[in-house]
Structures are given as structure tokens and as C-alpha cells.
Amino acid sequence: MSAQPFSYLLSTIPHTRYHAQWRQITWHPQGIFDDALADEFVGILGSEEFYAETPFQGYTDFSGLAEIRLKIGHVFQIAQRRRESDGPVKSALFADTAVGFGIARLYEELMKESAIQVRAFRERAAAAEWLGVPVEILRPD
């Protein structure tokens, strides 16, 4: 069950892995999560989806963040861009802080009725169950 980069582009984003057996991308951003980092990841993710032969699921883990500097308006812009994705796929967001979970819940609400099913979680095990993957692949390195 080894994790490997999905493509060269995806491998340029630190703390990102592709789990081929589960068609699952996991991202564990570290440090400061700001608009620029969010845009970089969403841009590369969009490229991956465009060229992928089969859809894949996403998992973002906010637990390694020292600070979240996303502007609320920017979360709306990201959701609008992501709603244009073909899907159908699932994307789980895990947060262990109130701010991280608040951002995740906002994004979940903004993505309702889109091809991407988004859910916010406070427990990795619950996210793993919803995604249908082993919890081990959702843990940071």
C-alpha cells in the first residue's frame, strides 16, 4: 500500500501523496496555509483531474498547520472554481482546530449540489470510513 506521486506536477506540492490502490490523493499542508498555497494546490489538482483516466478522491489534513491565513472571500472563489470539476468524487477535510474546522465546514456548504461531495471531519477514522479507505493512508508521514 505504498504512496507515490500521481504525476510530476502533484509531486511538486510538499506533503502530497497518491495512493493508487485507493485512487486517493492525500495532502497534509504544513506551516502557513494562505491564499497562494491554496491556489497552487487547487490549480495542480485541477490539472490532475483533467488528465486523469479515472476519477480520484481527495483528503486534506489541516492538523499540521501552524496558522491559517485564508481570506473568507477566497474560500468562496476556490469553491466556485472547484464546482466546475467533472466529478463525481469525494473530498474529505480533516481539522483538529476550531478555525480549521470552520473553514472546512464553510467549504463543505459551498460545495453542496456540486459533482464533488465534500465533508468536514474532526476524526480521521470517520473520514476514512466515509472515503472507504484505511485510516493509515490518511495519517501524516
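Just above, that's the structure.
No experiment lies behind these values; they were computed from the predicted model shown. (Residues numbered from 1 in each chain as written. Predicted model: local features only at pLDDT ≥ 70, side-chain atom pairs only at ≥ 80, totals over all residues. Heavy atoms only, no water.)

**Looking at helix H4 (residues 98–110)**
One turn of the α-helix equals 3.6 residues, which is why residues spaced by three or four share an orientation.
Argument step 1. Along its 13 residues, H4 runs 18 Å from first to last C-alpha, staying within 8% of the 18 Å computed at 1.5 Å per residue.
Argument step 2. Those residues of H4 not exposed but buried are Gly100, Phe101, Ile103, Ala104, Tyr107 and Glu108. The buried residues of H4 occupy an angular sector of 160° when the element is viewed end-on, so they sit on one face. Within H4, the exposed residues directed more than 90 degrees away from the buried face are Ala98 and Val99.
Argument step 3. Elements that come into contact with the buried residues of H4 comprise strand E5 (65–69), helix H3 (72–82), strand E6 (89–94) and strand E7 (116–121). (Helix = DSSP H or I, 4+ residues; strand = E, 2+ residues; numbered from the N terminus. Expected span 1.5 Å × (residues − 1). Buried < 20%, exposed > 50% of the residue type's maximum accessible area, 1.4 Å probe, protein only. Arc of directions from axis to C-beta. Contact = heavy atoms within 4.5 Å.)

**Thoughts on the pairing of strand E2 (residues 24–27)**
Argument step 1. Residues Gln24 and Thr26 point to one face of E2 and Ile25 and Trp27 to the other, with burial holding for every one of them.
Argument step 2. Across four bridges, the pairing between strand E1 (residues 16–19) and E2 is antiparallel. Note that in E2 the partner of arginine 17 across the bridge is threonine 26.
Argument step 3. Following E1, the chain reverses through four residues before pairing antiparallel with E2; arginine 23 in that reversal takes a positive phi of roughly 50°.
Argument step 4. Across four bridges, E2 lies against strand E4 (residues 57–61) in parallel orientation. If you follow tryptophan 27 over to E4, its bridge partner there is threonine 60. (Pairing = 2+ DSSP bridges.)

**A look at the pattern of salt bridges**
Argument step 1. A full pass over the atoms with the stated rule returns seven salt bridges.
Argument step 2. The partner of aspartate 39 in a salt bridge is arginine 81, with the nearest N and O atoms 3.2 Å apart. With aspartate 39 in helix H2 (residues 35–51) and arginine 81 in helix H3, the pair connects residues that are 42 residues apart, well separated along the chain.
Argument step 3. Residue classification places arginine 81 among the partly exposed positions, given a relative accessible area of 36%.
Argument step 4. Shared partners join several salt bridges into a network, and the residues in it are Arg105, Glu108, Glu109 and Lys112. (Salt bridge = Lys/Arg side-chain N within 4 Å of Asp/Glu carboxyl O.)

**Considerations on H2**
Argument step 1. Taking 1.5 Å per residue as the helical rise, H2 with its 17 residues ought to reach 24 Å, and the 25 Å between its terminal C-alpha atoms agrees with that figure.
Argument step 2. Turning to H2, its buried residues number three or more, namely Asp35, Leu37, Ala38, Phe41, Val42, Ile44, Leu45 and Glu48.

**Details of the nonpolar core**
Argument step 1. Counting 29 residues, the largest nonpolar core has Trp27, Phe33, Phe62, Leu70, Tyr107, Met111 and Val118 as the members making the most contacts within it.
Argument step 2. Looking at this core, the elements that each hand over two or more residues are E2, H2, H3, E6, H4 and E7.
Argument step 3. Here this core gets six residues from one element, more than from any other, and that element is H2.
Argument step 4. Setting aside residues no more than four positions away along its own chain, phenylalanine 62 makes contact with Phe33, Phe94, Ala95, Asp96, Gly100 and Ala104.
Argument step 5. Ranked by size, the runner-up nonpolar core spans twelve residues in total, among them Tyr59, Trp130, Leu131 and Ile137. (Core = buried A, V, L, I, M, F, W, Y, C linked by side-chain atoms within 4.5 Å.)

**Concerning the sheet that holds E6**
Argument step 1. Reading across the sheet, the five strands line up as E1-E2-E4-E6-E7 and stay open at both edges, with mixed pairing between neighbours. Taken across any chain shown, the strands that pair with only one partner, and hence form the sheet edges, are E1 and E7. Going from strand to strand, the sheet's axes swing by 15° on average, the running direction of each strand aside.
Argument step 2. Here four bridges tie E4 to E6, and the two strands are oriented parallel to one another. Each bridged residue has a counterpart across the sheet, and for tyrosine 59 the counterpart in E6 is alanine 92.
Argument step 3. Strands E2, E4, E6 and E7 of the sheet are contacted by helix H5 (residues 124–131), whose axis makes an angle of about 180° with E6. (Axes fitted to C-alpha atoms, helices over the stretch in contact; angles between N-to-C directions.)

These values are about where atoms sit, not about what they do.
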